[in-house]
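# Fold and contact review
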Amino acid sequence: MAVKENILHFRSALPAHVCLVAVSKTKPAAMLQEAYDAGQRDFGENYVQELVEKQAGLPADIRWHFIGHLQSNKVKYIAPFVHLIHGVDSLSLLKEIDKQGRKNNRVIHCLIQLHIAMEETKFGFSIAEATALLNSKELVAYPNVAIDGFMAMASNTSDEDKIRAEFRQVKNLREQFPAYSVLSFGMSSDYRIAIEEGSTMVRIGSSIFGERNYSLS
Ligand SMILES: *Cc1c(COP(=O)(O)O)cnc(C)c1O
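Thresholds, definitions, all that
- Residues numbered from 1 in each chain as written.
- Predicted model: local features only at pLDDT ≥ 70, side-chain atom pairs only at ≥ 80, totals over all residues.
- Heavy atoms only, no water.
- Helix = DSSP H or I, 4+ residues; strand = E, 2+ residues; numbered from the N terminus.
- Polar contact = N/O pair within 3.5 Å; in protein donor to acceptor, adjacent residues only side chain to side chain.
- Contact = heavy atoms within 4.5 Å.
- Buried < 20%, exposed > 50% of the residue type's maximum accessible area, 1.4 Å probe, protein only.
- Salt bridge = Lys/Arg side-chain N within 4 Å of Asp/Glu carboxyl O.
- Near = heavy atom within 4 Å.
- Areas by Shrake-Rupley, 256 points an atom, 1.4 Å probe, with all protein chains shown as cover.
- Pairing = 2+ DSSP bridges.
- Right-handed = clockwise from strand over helix to strand, strands pointing away.
- Arc of directions from axis to C-beta.

Turning to the side chain of Asp98, a few remarks are in order. Mapped onto the secondary structure, Asp98 falls in helix H5 (residues 91-103). In this structure the side chain of Asp98 is engaged in a polar contact, spanning 2.7 Å, whose partner is the backbone nitrogen of Asn144. Setting aside anything within four residues of it in sequence, one finds Asp98 in contact with Ala141, Tyr142, Pro143, Asn144 and Val145.

See below:
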């Protein structure tokens, strides 16, 4: 798999306002280094331990994105260095991130995860819950957290109209809350639709690093 060529391809193909997060979960550090050498700086991981190990051994100017489901008791391990936490799916998690931000004397940037797909297994706030949260004064209580925008995953389907309609819900929410300007949606299979529907941050894994083999990880 030609990681360098894939990075260069995406960096030239994506519009300038769309940030490429290279999703490197399960992939060895040497592959991340190859992407880094091709100019990539934003990397996404979704297991805390794997992220901490990779961060320790790779260049310090990498911006680490945590894109998985984050358990509150693990926030402390990534709080000192994480660039953006994409999957904030509960107030209790937000509260813990704020606490760890204060301990580390920094503001931790986060995205509110929205549940837009039909599948039951996906985490996140419904559009109605997110609207209520953002309209409330609740977030003022967490000065060591900065909410930059929203993250979402569409249903795993080949039905493009369905994917598009799901992404459009995020776009509509963002129109009500323009201050939350970062929209993280779109993966290898659906990033083109995502960008058409207003994504500003795509999370691409297998199209850069190849298919993941979980049995080896
Ligand atoms: C694994 C993962 C991706 C990347 O998926 P690909 O299909 O390999 O591009 C994106 N977002 C999240 C949340 C993921 O867990």
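Now that the structure has been shown, we can carry on.
Time to look at the environment of Asn104. You can see Asn104 is positioned in the loop between H5 and strand E5 (108-114). A relative accessible area of 29% means that Asn104 is categorised as partly exposed. Measuring from C-alpha to C-alpha, the distance between Asn104 and Lys76 comes to 9.2 Å, with 28 residues separating the pair along the chain.

The full count for this structure, using the stated rule, is 10 salt bridges. Close ionic contact of Lys54 with Glu45 constitutes a salt bridge, the shortest N to O distance being 2.8 Å. There is no split in this pair, since Lys54 and Glu45 are both buried. In this structure, Glu197 engages Arg168 in a salt bridge whose closest nitrogen and oxygen atoms are separated by 2.7 Å. Of this pair, Glu197 sits in the loop between helix H8 (191-196) and strand E8 (201-204) while Arg168 sits in helix H7 (residues 160-176), placing them 29 residues apart in sequence.

Let's shift gears to the site of the ligand. Taken together, 13 residues are adjacent to the ligand, and Lys25, Ser188, Gly205, Ser206 and Arg212 come closest. Asn46 places a polar side-chain atom, nitrogen or oxygen, 3.3 Å from an oxygen atom of the ligand. With respect to the ligand, the backbone of Ser206 contributes an N or O atom lying 2.7 Å from an oxygen atom. Burial of the ligand by the protein amounts to 91% of the accessible area it has alone, namely 390 Å².

What follows deals with the pairing of strand E6 (residues 145-152). With 7 of its 8 residues buried, E6 lies for the most part within the structure. In the sheet, E5 pairs with E6 via 7 bridges, with the strands oriented parallel. If you follow Ile112 over to E6, its bridge partner there is Phe150. Considered for its hand, the β-α-β crossover made up of E6, H7 and strand E7 (residues 182-184) is right-handed.

Let us now look at the pairing of strand E3 (residues 63-66). Bridge analysis of strand E2 (residues 42-45) against E3 gives 4 bridges, and the strand direction is parallel. In the sheet register, Gly44 faces E3, and the bridge partner there is His65. Assessed by its sense of winding, the connection that carries the chain from E2 through helix H3 (residues 48-57) to E3 is right-handed. Summarising the sheet, E3 and strand E4 (residues 84-88) pair through 2 bridges and their orientation is parallel.

Right, let's get into the environment of Ala60. One can find Ala60 in the loop between H3 and E3. Distance in space between the C-alpha atoms of Ala60 and Met201 is 22 Å, their sequence separation being 141 residues.

What follows covers H3. Looking at H3, one finds that the buried residues are Val48, Glu50, Leu51 and Lys54. Mapping the buried residues of H3 onto a view down its axis gives an arc of 160°, with all of them on the same face. Exposed residues lying more than 90 degrees from the buried face of H3 are Gln49, Glu53, Ala56 and Gly57.

The next subject is unusual backbone geometry. Located in the positive-phi region is Thr26, a residue other than glycine, with phi close to 70°. Tracing the backbone shows Thr26 in the loop between strand E1 (19-23) and helix H2 (29-37). The phi dihedral of Asn105 is positive, around 55°, even though this residue is not glycine. As for its position among the elements, Asn105 is in the loop between H5 and E5.

Functional significance is not addressed by these values, which are geometric in nature.
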